[in-house]
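# Geometric and topological summary
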Amino acid sequence: MGRLAGRGLPSRLARAGSRLTAQRDGGDKLEGPRQAAHQWYHTTRWRRLRWSVLEDADFTCADCGQIEADTSRLVADHKKPHRGDAVLFWDRGNLQCLCQSCHSGAKQREERAAW
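A brief structural summary. Not measured: the values here are computed from a predicted model.

Criteria and cut-off values
Residues numbered from 1 in each chain as written. Predicted model: local features only at pLDDT ≥ 70, side-chain atom pairs only at ≥ 80, totals over all residues. Heavy atoms only, no water. Helix = DSSP H or I, 4+ residues; strand = E, 2+ residues; numbered from the N terminus. Buried < 20%, exposed > 50% of the residue type's maximum accessible area, 1.4 Å probe, protein only. Contact = heavy atoms within 4.5 Å. Areas by Shrake-Rupley, 256 points an atom, 1.4 Å probe, with all protein chains shown as cover. Expected span 1.5 Å × (residues − 1). Salt bridge = Lys/Arg side-chain N within 4 Å of Asp/Glu carboxyl O. Core = buried A, V, L, I, M, F, W, Y, C linked by side-chain atoms within 4.5 Å.

This brings us to the overall build of the chain. Counting its regular elements, the chain contains 6 helices and 2 strands. The order of helices and strands in the chain, counted from the N terminus, is α-α-α-α-β-α-β-α. Residues classed as buried in the chain amount to 26% of the 115 residues present. Taking contacts inside the chain between residues at least 6 apart in sequence as the whole, the part at least 24 apart equals 59%. Split by element, the accessible area of the chain, about 8300 Å² in all, is 52% carbon and sulfur.

So, in structure tokens, the structure goes:
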């Protein structure tokens, strides 16, 4: 172990770590209204609205029709992407119940293509 420390390995690892952090953080940062909207998902208001959407849909995916008892596998999805618009974000009529598979699959590809 003494030989490794003598060769400057810790300093090389420290430099690599800073480069890795810069690459990881580079493309996924939200800016402006989208960053503020992201915080809305952590509010009690959102949790209540989400639950209302899931209940009204009888815990059934609007896309594939799957009934899901595990509510952690259901998403209250914005039919029209809100892109930081508070009116669209909180609009109950703009929400639907989707299972994780449908939300993460076709729905996300569709939204990314439109972006």
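Read on for the rest.
What follows deals with unusual backbone geometry. The phi angle at Asp-58 is positive, at roughly 55°, despite the residue not being glycine. Tracing the backbone through its elements, the reader meets Asp-58 in the loop between α4 (44–56) and β1 (74–78). Even without being glycine, Arg-83 reaches a positive phi, approximately 45°. Secondary-structure assignment places Arg-83 in the loop between β1 and α5 (86–90).

This next bit is on α4. Taking 1.5 Å of rise per residue, 13 residues should cover 18 Å, and α4 covers 18 Å from first to last C-alpha, within 8% of that figure. Backbone geometry just after α4 places Asp-58 at a positive phi near 55°.

So, about the environment of Asp-77. Secondary-structure assignment places Asp-77 in strand β1. Using a relative accessible area of 3% as the deciding quantity, one classes Asp-77 as buried. For the pair Asp-77 and Arg-50, spaced 27 residues apart in sequence, the C-alpha to C-alpha distance is 8.8 Å.

Turning to the pattern of salt bridges, a few remarks are in order. Working definition: two side chains of opposite charge can pair if their charged atoms are close together. Following the criterion strictly, the structure yields 2 salt bridges and no others. Here Arg-92 and Asp-56 are joined by a salt bridge, their closest N and O atoms 2.6 Å apart. One end of the pair, Arg-92, is in the loop between α5 and β2 (95–99); the other, Asp-56, is in helix α4, and 36 residues separate them in sequence. Exposure remark for Asp-56: the relative accessible area of 55% places this residue in the exposed category. Arg-73 is the salt-bridge partner of Asp-70, the closest N and O atoms lying 3.5 Å from each other. Since its relative accessible area comes to 34%, Asp-70 is described here as partly exposed.

The next thing to look at is the environment of Gln-35. Within the secondary structure layout, Gln-35 lies in helix α3 (residues 32–40). Note: C-alpha distance between Gln-35 and Gly-84 (49 residues apart in sequence) is 7.6 Å.

So, about the nonpolar core. Counting residues in each nonpolar core, the largest one holds 16 residues, and the members touching the most others are Trp-46 and Trp-90. Ignoring anything within four residues of it in the chain, the contact list for Trp-90 reads Trp-40, Thr-43, Arg-45, Trp-46 and Leu-49.

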